[in-house]
Amino acid sequence: MDIQPLALVIEDNEDQNLVFTTALQQAGYQVDSLFNGEAAQLRLLEVVPELVILDLHMPDIDGNVILGQIRADKRLLHTRVILATADAAFAGSLQPQADLVLLKPISFSQLSQLVSRYISHPRIPPF
Amino acid sequence: MSETPTETDARQVLRELAETERTKLDRLYQRDLREIWPIDYPQMDPRMIGRIAAQEVNALLHFLGNAPIPGREHGAWLSQTGIGHQTLLQLGKATRQFVATRVKGDLLPDALNLVDQYEEAVCLGFIQAREQALRVEQDCLRRMRQSQPLDDADGKADPQRFLARIGHKIRTPLGAMMGLTEMLHEDVYGSLNERQRNLTGRILDNAAILNRMVSEILDRFQFEAGRLRLEQETFAPSAIVEAVYSTALSAALQKEIFLHKEIAANAPQTVVGDRARVEQILSNLVTNAIQFTHRGGVTIRLDRPTDALWTLRIEDTGVGIAEEDLETIFQPFRQADENASRKERRIGLGLSTAFLLVSAMNGTIHAESRLGRGSTFTVTLPVQPEQQG
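Residues numbered from 1 in each chain as written. Chains lettered and ligands numbered in written order. Predicted model: local features only at pLDDT ≥ 70, side-chain atom pairs only at ≥ 80, totals over all residues. Heavy atoms only, no water.

**Details of the overall build of chain A**
Phase 1: When you go through chain A residue by residue, the secondary structure sums to five helices and five strands.
Phase 2: Going from N to C terminus, chain A has its helices and strands arranged as β-α-β-α-β-α-β-α-β-α.
Phase 3: Considering chain A as a whole, with its 127 residues, one finds that 51% of them fall into the buried category.
Phase 4: Nonlocal contacts in chain A, meaning residues at least 24 apart in sequence, comprise 65% of its contacts between residues at least 6 apart.
Phase 5: By element, 55% of the accessible surface of chain A is carried by carbon and sulfur atoms, the whole surface being about 6,000 Å². (Helix = DSSP H or I, 4+ residues; strand = E, 2+ residues; numbered from the N terminus. Buried < 20%, exposed > 50% of the residue type's maximum accessible area, 1.4 Å probe, protein only. Contact = heavy atoms within 4.5 Å. Areas by Shrake-Rupley, 256 points an atom, 1.4 Å probe, with all protein chains shown as cover.)

Right, dumping it as structure tokens:
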């Protein structure tokens, strides 16, 4: 039996977190659901996820700080980051660092289909 | 040659004039005033000028008749009406001309002296009142600045930021609602019977309508709030095409349709206009095109049909728009028509806003389509904004 790839869902809204988590589980990921920036930062020091779904607006730490941490970490070169936000302007400015920007509301089934394609195609880091 | 009249005589003459002809005087004065009124005050309603002039004459006559309306108080009143110093001087000049043409003979010098005194008192009152108003204004500004952090936290200070926050606050629970309903609809928690699935489908349809309306309202308000602030900056239109292309690519990939970009050889290197707004328009049009295309794809083309104009063309192979709907797609909320079936509904996220923005930029937006054969939207903008004046 194949080992399921790991994904992190970092989103403070519990309902939205459940939707993202379920979509990723359906796609075949093993999912760690995190509900604040600090927990996410700590977890990212311990694991090497294949995929991170990251909410930009969280009460304690802004998503862009976490995005910066991921991109600065050599262990996480092959980690894909999908930004999930309702703030198009903010997301636009972070786009170069993200693999994908999805604007809320995000369809459950479309997200599930999208991330299932990533499973056999690891991220190719830029030079 | 007549005797030099005393000041008392002059007052007497003018008082009589006031008593017998006040109504006629007001009317005449207003007419005269309109004729000599400087034409560079187009923003002032003529009726307002008439009212101020009538007040002015009344005050003058009261003053000459020793009625208790001191010149200073009258000046303060003029200041409250918001008229400027130059306007006040014009008004004084008009009063003076009027009196001069109507007080005859040797009475004239004394009458004019009285008017001058009156003017002086009025001017003084005006200046004092203005200073007071300025102090109040500065005080208000200082208080506002002190409380700025609080206002900022509520987002009240900047309408754009306030709207962005509102948008975020509405979309977050709406997104959760849609996602959770979709989970039920997709049988994540066991299969639904036909009736249950019908209901979850209807919840999703209504949530989608709500989402579009929120977008439309936010776009519209954002436009209203930012209407007077169209930027004039030099930018590369190809950079906008690249930015929108890379943002929209994921949505196209999700739907397994293509997204192409074409930049004509003669496309302008740089243009002058509001970069962010143009990007917003293109982004809206491309998002729409992707949404309504289920086979084939979307092409963004940057071109320059004439020296003075450049165009963004968004061509899709999507469901198309019926001929009768083509005329109304740029009207707000048109696409939220609840009678249309889910697939036919043209969402038109921000189409009406795009129309308003393009018009404000002295450009045009044009749609061509046939049902089932795709649509083409063309935005035409000036390379340089038209010179004013």
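**Let's talk about the sheet that holds strand β6 (residues 364-369) of chain B**
All names here are of chain B.
Phase 1: What the five strands build is an open sheet, ordered β2-β4-β5-β7-β6; its pairing is mixed. Each of the sheet's edge strands pairs with one partner strand only, and the pair in question is β2 (258-263) and β6. Averaged over all adjacent pairs, the angle separating strand axes in this sheet is 10 degrees, with direction ignored.
Phase 2: Two strands pair when backbone bridges link them, and strand β4 (residues 297-303) and strand β5 (residues 309-316) are joined in this way by six bridges, in the antiparallel orientation. If you follow threonine 299 over to β5, its bridge partner there is glutamate 315. (Pairing = 2+ DSSP bridges. Axes fitted to C-alpha atoms, helices over the stretch in contact; angles between N-to-C directions.)

**Remarks on the interface of chain B and chain A**
Phase 1: Taken together, the contact between chain B and chain A spans 21 residues of the former and 21 residues of the latter.
Phase 2: For the chain B and chain A pair, buried surface summed over both sides reaches about 1,900 Å², with 60% attributable to carbon and sulfur atoms.
Phase 3: Three residues stand out in chain B for area buried against chain A, namely His168(B), Glu182(B) and Gln254(B), and they jointly supply 29% of the buried area on that side.
Phase 4: The tally of links from chain B across to chain A stands at one salt bridge.
Phase 5: Residue Glu256(B) pairs with Arg117(A) through a salt bridge whose shortest N-O separation is 3.9 Å.
Phase 6: Of all the secondary structure elements, the ones that give two or more residues to the side of chain B that touches chain A are α7 (159-185) and α9 (237-254) of chain B.
Phase 7: Per-element tally for the side of chain B that touches chain A: the top contributor is α7(B), with 10 residues.
Phase 8: Tallied by class, the residues present in the side of chain B that touches chain A amount to eight nonpolar, nine polar and four charged. (Buried area = accessible area lost by both parts, 1.4 Å probe. Salt bridge = Lys/Arg side-chain N within 4 Å of Asp/Glu carboxyl O. Nonpolar A, V, L, I, M, F, W, Y, C, P; charged D, E, K, R; others polar.)

**Regarding the packing of helix α1 (residues 14-27) of chain A against helix α5 (residues 108-118) of chain A**
Residue and element names in this part refer to chain A.
Phase 1: With their axes 8 Å apart at the nearest point, α1 and α5 run at an angle of 45 degrees to one another. Looking at the two axes, α1 sits oblique to α5. α5 is crossed by α1, and the crossing has right-handed handedness. Judged by residue contacts, Val19, Phe20, Thr22, Ala23, Leu24, Gln26 and Ala27 of α1 engage Phe108, Leu111, Ser112, Val115 and Ser116 from α5.
Phase 2: Grouping the amino acids of the contact of α1 with α5 by side-chain chemistry returns eight nonpolar, four polar and no charged. (Parallel < 35°, antiparallel > 145°, perpendicular 65-115°, else oblique. Left-handed = near helix turned anticlockwise from the far one by under 90°.)

**Let's talk about the nonpolar core**
All names here are of chain B.
Phase 1: Ranked by internal contacts, the top residues of the largest apolar core, which has 39 residues, are Leu282, Val286 and Trp310.
Phase 2: Those elements that provide at least two residues to this core are α9, α10 (275-291), β4, β5, α12 (351-360), β6 and β7 (375-382).
Phase 3: Of all the elements, α10 adds the most residues to this core, at seven residues. (Core = buried A, V, L, I, M, F, W, Y, C linked by side-chain atoms within 4.5 Å.)

**Focus on α1(A)**
Turn by turn, an α-helix covers 3.6 residues, leaving residues three or four places apart pointing in a common direction.
Residue and element names in this part refer to chain A.
Phase 1: The end-to-end C-alpha distance of α1 is 20 Å, a good match for the 20 Å that 14 residues give at a rise of 1.5 Å each.
Phase 2: Residues of α1 that are buried: Gln16, Asn17, Val19, Phe20, Thr21, Thr22, Ala23, Leu24 and Ala27.
Phase 3: For α1, the N-terminal cap is asparagine 13; the gap from its side-chain oxygen to the backbone nitrogen of aspartate 15 is 3.0 Å.
Phase 4: Positive phi shows up at glycine 28, right after α1, with a value of about 115 degrees. (Expected span 1.5 Å × (residues − 1). Polar contact = N/O pair within 3.5 Å; in protein donor to acceptor, adjacent residues only side chain to side chain.)

**Notes on the packing of aromatic side chains**
Phase 1: Under the definition given, this model contains one aromatic pair over all chains.
Phase 2: Across the ring face of Tyr118(A), the terminal group of Arg80(A) is positioned such that the distance to the ring centre comes to 4.0 Å.
Phase 3: The side chain of Lys261(B) reaches across the aromatic face of Tyr245(B), ending 4.5 Å from its centre. (Phe/Tyr/Trp six-rings, centres within 6.5 Å; stacked < 30°, edge-to-face > 60°. Lys NZ or Arg CZ within 6 Å of the ring centre and 35° of its normal.)

**Description of the sheet that holds strand β2 (residues 30-34) of chain A**
Residue and element names in this part refer to chain A.
Phase 1: If you trace the five strands from one edge of the open sheet to the other, you get β2-β1-β3-β4-β5, paired in parallel fashion. Each having just a single partner strand, β2 and β5 (100-103) make up the two edges of the open sheet. With direction set aside, neighbouring strand axes in the sheet form an average angle of 15 degrees.
Phase 2: Inspection of the sheet shows strand β4 (residues 80-85) paired to β5 by four bridges, in the parallel sense. When the bridges of β5 are listed, alanine 84 appears paired with leucine 102.
Phase 3: Set on the sheet, helix α2 (residues 37-46) makes contact with β1 (6-10), β2 and β3 (51-55); between it and β2 the angle comes to about 140 degrees.

**Details of the packing of α10(B) against α12(B)**
Residues and elements named next belong to chain B.
Phase 1: Orientation of α10 relative to α12, taken along the N-to-C sense of each, is 145 degrees, at an axis distance of 10 Å. As for the relative orientation of α10 and α12, their crossing is left-handed in sense. Taken together, the residues of α12 that come into contact with α10 (itself represented by Arg277, Gln280, Ile281, Leu285 and Asn288) are Leu351, Ala354, Leu357 and Val358.
Phase 2: Among the residues forming the contact of α10 with α12, the class breakdown is six nonpolar, two polar and one charged.

What is shown is where atoms sit, not what they do.
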